[in-house]
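Examination of the molecular architecture
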Amino acid sequence: MIDHDQPTTRPGRARLGRWLRIAVIGRNPKITLARIVILVVTCVVVFKFVLLPIRVEGVSMLPAYKDKSVNFVNRLAYLRHGPRRGDVVGLRLGGTNVIYRAPGVMYMKRIVGLPGETVAFADGDLLINGTALDEPYVKGPCDWNCAPVTVGPNQYFVMGDNRSMPQDYHVFGKANKEQIVGKVLF
Amino acid sequence: MKNVLRFVLALAVAALGVWLWLVLFPSPEKVIGRQFEKLARAASIQSGEGNLPRMIAAQKVGDFFSTNVEINIDLPGRQQHATMSRDDIVQAVLAAQSAGGLTVKFPDINVMVGADKETAQADITVEARVPGEQDMMVQAMKFTLRKIDGKWLITRVQTVRTLS
């Protein structure tokens, strides 16, 4: 029996197979492999040492950062300058003797007080050196009171944006510069 | 080409040797790190577990501690400075587990072994989660360990204030 379709289907299949191969592994498999290696190495270096992916847990940074939202911490943000007021940073909880290693858990806080400044709370107003600080990122009502605290020379005063939660449940205070892992990207 | 292959093969053999050495003779830091991972697994319990598995898990947790443990907890609303026996620790674990399930993780373990190789200090971030509750508890802690009868046992537990 002669199959009249054969001469036309075989080259068609071969062409399809060739295109599929090109689509999957490229025209030159060696170059494709090199590209894959470079891509994997770049991703590992970037996401393990430079831009740390984080998932926000909790409500202390509401409304700017919602619970379960995803973000990145830029570890190179403070190479050329120090942290600035208003920066949202990732803070390591302990183990500052191994600062090269990225921590698994971080606090996410906003820098409100710089080295040498005095930070206090009076009826919900954040006072820096006795003057109320304008905080557009704070939305809810706040009735916190806190005695003046002087920030040390190598320290930053950090706190969350959600001041409508009870003061006792909110983690805030002075953080050493070594605790700052990097600046939150978005 | 042959030389390159030989070089690559020699490198692979050397890497395998180093890996084998590290597996067979782990550093004390590695041993303690693994011990804390086991401790986290032992302290974690599913919400539907019966009393017997809870008891076994609590006993396992107790095995990681020395007979007397110095406890220094300094948290807002809770302060405790006491010396607890291993049985007290088992009871405390049982009490913590009785509320339902409990998931404990140590995401950051930094171990420093003393010059005498008999004592060590571990800076650890403790992450605890109770099923059904939205927020997890995160606390930096410092554990002091001593090598007793060839086993690293926890002799002191203290909380660390992250922000002063």
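All chains use their own residue numbering, which begins from 1 and follows the written sequence. Throughout, the order in which chains and ligands are written sets their labels, letters from A for the former and numbers from 1 for the latter. Where local features are concerned, this predicted model is filtered to residues with pLDDT of at least 70; where side-chain atom pairs are given and counted, the filter is 80 or more; whole-chain, interface and lining totals use all residues.

1. Considerations on helix 4 (residues 86–98) of chain B
Residue and element names in this part refer to chain B. Put simply, the rule reads: Segments assigned H or I by DSSP are reported as helices when at least four residues long, segments assigned E as strands when at least two residues long, and all are numbered from the N terminus. Each residue after the first adds 1.5 Å to the expected span of a helix. Exposure classes come from backbone-placed C-beta atoms, where a residue is buried if 20 or more other C-beta atoms lie within 10 Å of its own, exposed if 12 or fewer do, and partly exposed in between. What the arc measures is the spread of directions leading from the helix axis to the C-beta atoms. Two residues qualify as being in contact provided that their C-beta atoms, derived from the backbone, are within 7 Å of each other.
Over its 13 residues, helix 4 runs 18 Å from end to end, which matches the ideal 18 Å to within 8%, given 1.5 Å per residue. For helix 4, the complete set of buried residues consists of Ile89, Val90, Val93 and Gln97. Down the axis, helix 4 shows its buried residues gathered within 100 degrees of arc, on one side only. Opposite the buried face of helix 4, at more than 90 degrees from it, the exposed residues are Asp87, Ala95 and Ser98. Packed against the buried residues of helix 4 are helix 2 (28–43), helix 3 (51–62), strand 1 (65–75) and strand 2 (78–85). Immediately downstream of helix 4, the backbone of glycine 100 shows phi near 140 degrees, a positive value.

2. Observations concerning the interface of chain A and chain B
Test applied: Residues are grouped as follows: Ala, Val, Leu, Ile, Met, Phe, Trp, Tyr, Cys and Pro are nonpolar; Asp, Glu, Lys and Arg are charged; every other residue, Gly included, is polar.
Contacts between the two partners involve 18 residues from chain A and, on the opposite side, 16 residues from chain B. With three residues, the top contributor of residues to the side of chain A that touches chain B is strand 10 (residues 173–176) of chain A. Here the side of chain A that touches chain B is built from residues that sort into nine nonpolar, six polar and three charged.

3. Brief notes about the sheet that holds strand 4 (residues 119–129) of chain B
Within a sheet, neighbouring strands are paired by backbone hydrogen bonds and run either parallel or antiparallel to one another. All names here are of chain B. How we decide: A pair of strands counts as paired when DSSP detects no fewer than two bridges linking them. To obtain an axis, a line is fitted to C-alpha atoms, over the contacting stretch when the element is a helix, and the angle between two such axes runs from 0 to 180 degrees between their N-to-C directions.
Read from one edge to the other, the open sheet built from six strands follows the order 2-1-6-5-4-3, with strand pairing classed as mixed. A strand with exactly one partner marks an edge of an open sheet, and here the two such strands are strand 2 and strand 3 (103–113). Within the sheet, the average angular offset between the axes of one strand and its neighbour, ignoring direction, is 25 degrees. For strand 1 and strand 2, the ladder comprises eight bridges, and the chain directions are antiparallel. Among the inter-strand pairings, asparagine 68 is bridged to a residue of strand 2, identified as serine 85. Packed onto the sheet, helix 2 meets strand 3, strand 4, strand 5 (137–148) and strand 6 (151–159) and runs at close to 160 degrees relative to strand 3.

4. Looking at the packing of helix 3 of chain B against helix 4 of chain B
How two helices sit against one another is set out by the angle between their axes and by the gap between those axes. Residue and element names in this part refer to chain B. To be explicit about the condition: Should an angle lie under 35 degrees it is considered roughly parallel, over 145 roughly antiparallel, and from 65 to 115 roughly perpendicular; all remaining angles are considered oblique. For a crossing to be left-handed, the near helix must be turned anticlockwise from the far one by less than a right angle; the clockwise case is right-handed.
Between helix 3 and helix 4, the shortest axis-to-axis distance is 8 Å and the interhelical angle comes to 135 degrees. The angle between helix 3 and helix 4 falls in the class oblique. Note that helix 3 runs across helix 4; the crossing there is right-handed. On the side of helix 3, the interface is formed by Arg54, Ala58, Gln59, Val61 and Gly62, while helix 4 contributes Arg86, Ile89, Val90, Val93, Leu94 and Gln97. Of the residues assigned to the contact of helix 3 with helix 4, the class counts are six nonpolar, three polar and two charged.

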